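Structural characterization, general
Here is how the chains run, residue by residue.
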Amino acid sequence: MPYKMIIERANDRLMAMAELMEDNYFKKIPNNRIDYFIDESIKIGLETAQNSMERYSSLEEICEDKKVKIELDTAEYGFEMIKLRGKYNEEKETIIMYHNSIKRMEIAYKELGIDFLNYDTIYKILLAHEVFHLIEVKEIGNTYERLEDVNIFKLGPLKKFYPIVKTSDVGANIFAKKFLNLSYHPKVLNYLYLWGAGIIDKDKLIDYFDELDKKLNESHLNDSVE
Ligand SMILES: [Zn+2]
């Protein structure tokens, strides 16, 4: 099963690195702070999952306790809608789950022979991700606000600091993994989808994972120098 190799390579740190690289300000993170952002976001995700598991037995129970509704949106949004998966709407106190996106993901995984990623499992993983965001808002604060800001530019005495917002997603994915006791990282679902839907091929995926590995290693190399 060729997909197994992808799942095995998608470890927590590599997927955290992938998430950080999607941040608008990734390039502004000093090399020797990359580990900090990865480790701390993972820690927040894990702690939040552990606390939640002591208090609740299901994601639905968390939502109920926090007075947040779960809504299934069954509308068609065209080709681009796969980007809409789940969304926590703070004002409406609702998590919206996108039925057709989940369906498309399920079809893509079937294409690859991955039977365990069925509709219910995908739904739960995406819901868990959003539940973390709601816990951030209602209880623990946004992960990116709890972590250091990075300096975006320096012009003489002028400095501007911004948070690394993608750290919230690093936390959300670890939360989902721990709370649902998954043996694989939730972010790998994105890559398997792209592969199963024929948007990228396996070689491209492996190249990308190689690149992530290299970036992680480089960030460690610099530790001893700086
Ligand atoms: Zn998210």
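Before any of the text, the structure's been laid out above.
This is a predicted model, so every value here is computed, not measured.

Turning our eyes to something else, we now look at the packing of helix 6 (residues 119–140) against helix 8 (residues 167–179). A pair of packed helices is captured by two measures, namely the crossing angle of their axes and the spacing between those axes. At a minimum axis separation of 8 Å, helix 6 and helix 8 run at an interaxial angle of 125°. One element, helix 6, and the other, helix 8, form an angle in the oblique class. In the packing of helix 6 onto helix 8, the handedness of the crossing is right-handed. Residues Ile125, Ala128, His129, Val131, Phe132, His133, Ile135 and Glu136 of helix 6 pack against Ser168, Asp169, Gly171, Ala172, Asn173, Phe175 and Ala176 of helix 8.

So, on to the pattern of salt bridges. Taken as a whole, this structure holds 16 salt bridges when the rule is applied. Among the ionic pairs, Asp35 bridges to Arg13, the shortest N-O distance being 2.5 Å. Here Arg13 lies in helix 2 (residues 12–21) and Asp35 lies in helix 3 (residues 34–55), a separation of 22 residues in the sequence. A residue is classified by how much of its surface remains accessible, and Asp35, at 18% relative accessible area, is buried. Put simply, Glu106 and Lys110 hold a salt bridge, and the shortest N to O gap is 4.0 Å. With Glu106 and Lys110 both in helix 5 (residues 99–111) and 4 residues apart, the pair spans about one turn of that helix. For Glu106, a relative accessible area of 11% translates into the label buried. Residue Lys110 is classed as exposed on the basis of its relative accessible area of 54%. Among the ionic contacts, a cluster of salt bridges with common partners joins Arg9, Asp210 and Asp213.

Calculation criteria
Position labels on residues start from 1 in each chain and follow its written sequence. Side-chain atom pairs in this predicted model are given and counted only at pLDDT of 80 or more, local residue features only at pLDDT of at least 70, and totals for whole chains, interfaces and linings cover all residues. With hydrogens and water excluded, all non-hydrogen atoms of the structure serve as input to the side-chain values. Only the contacting stretch of a helix is used when fitting its axis, a line to C-alpha atoms as for every element, and angles between N-to-C directions run 0 to 180 degrees. Each helix corresponds to a stretch of at least 4 residues labelled H or I by DSSP, and each strand to a stretch of at least 2 residues labelled E; elements are numbered beginning at the N terminus. Each angle gets one of four labels, with under 35 degrees taken as roughly parallel, over 145 as roughly antiparallel, 65 to 115 as roughly perpendicular, and the rest as oblique. By convention, the crossing between two helices is left-handed when the near helix turns anticlockwise from the far helix through less than a right angle, and right-handed when the turn is clockwise. Any two residues having at least one pair of non-hydrogen atoms within 4.5 Å are treated as being in contact. When a carboxyl oxygen of Asp or Glu lies within 4 Å of a side-chain nitrogen of Lys or Arg, that pair is called a salt bridge. Burial classification: accessible surface area is computed with a 1.4 Å probe over protein chains only, and a residue below 20% of its type maximum counts as buried, one above 50% as exposed, and the rest as partly exposed.

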